[in-house]
Amino acid sequence: MNQPTRFSSFTTPHKGIRNFLSQLTVQAGSSDYTDAQEMAMLQERLEEAMELLEEHAQVENEIVLAALEERAPGSGAHDQEGHRRLHQMQDMLLAKMKAITATGISPEEATRLGSELYQGIGLLFAEHLEHMAEEETATQNLLWQHFTDAELLQVQGRIISSMKPDLLLKWWAYILPAQSHTERVKLMAGLHSSTPASFFEQVLGVVQKNLSAPAYEKLLAALAVPA
Ligand SMILES: [Fe+2]
């Protein structure tokens, strides 16, 4: 069922996930696993990515799939099973990162574990790509069958209001640069009218840090916000 004019529940956050998993993959592939400073930076990025993935699966389970289960019992089971499998893979990657940064590890062992970590991140990325594509098609079609767009927007509102500002800022830093200009303007205009000015300024700050200068200027012009 192709209904491009209807509200899509997954497209916006999933673009953010594709963004940070791409960045994590490149960083893991280009890191020197014998360099303590580079390992601290990789560990920070890996832990942030895993935190966002865990949080995303949790809100999907507890809000989106829970709502779907109420109207179509059993229809959320496949995605929930996917989340369990992804969680196990994510835990294994965190454990491997911990082993790489353990005191006294030899450079040879760190490099060997680093190759395994890089492969593991690639496999996790592949699993997420397949999982997200299923949610964006099969699960989205189920949501369209059982919910109106107004109801789906209410579900989205519950997700956003369940997040603390710090977590939201982490998400916006990856989500907003990954959108097209038109999508970005729509999201930012919505934020401008629905959040306190101080929070909107913080979001603008993370967008500026993660967007090219021309794209940022184009955004400000569309929002009619002074540079
Ligand atoms: Fe999911």
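Residues numbered from 1 in each chain as written. Predicted model: local features only at pLDDT ≥ 70, side-chain atom pairs only at ≥ 80, totals over all residues. Heavy atoms only, no water.

> How should I be thinking about the domain arrangement of the protein chain in this particular structure?
Much of the literature gives interface size as the accessible area that the parts lose upon coming together. One can read the domain layout of the protein chain as domain 1 (11-162) and domain 2 (164-227). For domain 1 and domain 2, the distance between their C-alpha centroids amounts to 23 Å. With 16 residues of domain 1 in contact, the opposing surface of domain 2 contributes 13 residues. The contact between domain 1 and domain 2 buries some 1300 Å² in all, and 62% of this surface belongs to carbon and sulfur atoms. Summed over the three residues of domain 1 that lose the most area to domain 2, namely Thr 12, Lys 15 and Leu 52, the buried surface amounts to 36% of that side. Along the contact surface separating domain 1 from domain 2 lie two salt bridges. A salt bridge links Lys 170 to Glu 51; the shortest N-O distance between them is 2.9 Å. Applying the counting rule to domain 1 against domain 2 returns seven residue pairs in polar contact (both at pLDDT 80 or more). Contributing elements (two or more residues each) for the side of domain 1 that touches domain 2: α1 (11-30) and α2 (36-71). (Domains from an automatic or database assignment. Contact = heavy atoms within 4.5 Å. Buried area = accessible area lost by both parts, 1.4 Å probe. Salt bridge = Lys/Arg side-chain N within 4 Å of Asp/Glu carboxyl O. Polar contact = N/O pair within 3.5 Å; in protein donor to acceptor, adjacent residues only side chain to side chain. Helix = DSSP H or I, 4+ residues; strand = E, 2+ residues; numbered from the N terminus.)

> Is there a simple way to think about the pattern of salt bridges in this case?
Where charged atoms of side chains with opposite charge meet at close range, the side chains can pair. If you walk through the whole model with that rule in mind, you get ten salt bridges. Linked through salt bridges whose partners overlap, the residues forming this network are Lys 96, Glu 109, Arg 112 and Glu 116.

> Help me understand the coordination of the iron ion in this model?
Octahedral metals with six donors have ideal donor angles of 90 or 180 degrees. Tetrahedral metals with four donors have an ideal donor angle of 109.5 degrees. The coordination sphere of the iron ion, as far as protein atoms go, consists of Glu 60 (OE), His 83 (NE2), His 131 (NE2), Glu 135 (OE) and Glu 135 (OE), spread over 1.9 to 2.8 Å. Mapping the donors of the iron ion onto the primary sequence yields the spacing E-x22-H-x47-H-x3-E. In this pair, His 83 sits in helix α3 (residues 77-100) while Glu 135 sits in helix α4 (residues 107-146), placing the two residues 52 residues apart along the sequence. Take Glu 135: its relative accessible area is 1%, and that puts it in the buried class. (Donors = N, O, S within 2.8 Å, 3.2 Å for Na, K, Ca; no water. Buried < 20%, exposed > 50% of the residue type's maximum accessible area, 1.4 Å probe, protein only.)

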